[in-house]
Amino acid sequence: QVQLVESGGGLVQAGGSLRLSCVASGTIFRIYTMGWYRQAPGKQRELVATITSGGTTNYADSVKGRFTISRDNAKNTVYLQMNSLNVEDTAVYYCKMVLYWGQGTQVTVSS
């Protein structure tokens, strides 16, 4: 059974940083593209960043230059380093692999 567990969310002031982690179990992690998505209150879930099995990354325009996605296949973990956070980044952040989603981790940025 595939399971994705996110961690690392929290409350941070504008301009601050957070690093999210997502640990996958029950699957061959290294062969899959991994993604981070987010959903703000009253808004649709949106793509934040993806990373392929080969390490190719893709970012939403709103986070380019501020967020970095990476993966450690030995640890079955994908990371999202978030710098220069602003209040518009406040959302629940979800990890995704194929059709599977994690439970989400809340990120709140205060002004």
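Remember, predicted model here, so these are calculated numbers, not experimental data. (Residues numbered from 1 in each chain as written. Predicted model: local features only at pLDDT ≥ 70, side-chain atom pairs only at ≥ 80, totals over all residues. Heavy atoms only, no water.)

Quick notes on the overall build of the protein
Across its full length, the protein holds zero helices and eleven strands. Each helix and strand of the protein, placed in order from N terminus to C terminus, yields the pattern β-β-β-β-β-β-β-β-β-β-β. Its C-alpha atoms give the protein a radius of gyration of 13 Å, near enough to 13 Å, the size a compact globule of 111 residues would have. Counting over 111 residues, the protein shows a buried share of 41%. When contacts within the protein are restricted to residue pairs at least 6 apart in sequence, long-range pairs at least 24 apart make up 53% of them. Positive and negative side-chain charges in the protein, numbering 10 and 6 respectively, have mean positions lying 6 Å apart. (Helix = DSSP H or I, 4+ residues; strand = E, 2+ residues; numbered from the N terminus. Rg over C-alpha atoms; globule rule 2.2 N^0.38 Å. Buried < 20%, exposed > 50% of the residue type's maximum accessible area, 1.4 Å probe, protein only. Contact = heavy atoms within 4.5 Å. Lys, Arg positive; Asp, Glu negative; His and termini not counted. Charge placed at Lys NZ, Arg CZ, Asp CG, Glu CD.)

Some thoughts on the environment of R71
Mapped onto the elements, R71 comes out in strand β7 (residues 67-72). In this structure R71 comes out as buried when scored by relative accessible area, which is 15%. For the pair formed by R71 and S21, sequence separation is 50 residues and the distance between their alpha carbons is 9.3 Å. A distance of 3.4 Å separates a polar side-chain atom of R71 from the backbone oxygen of I51. (Polar contact = N/O pair within 3.5 Å; in protein donor to acceptor, adjacent residues only side chain to side chain.)

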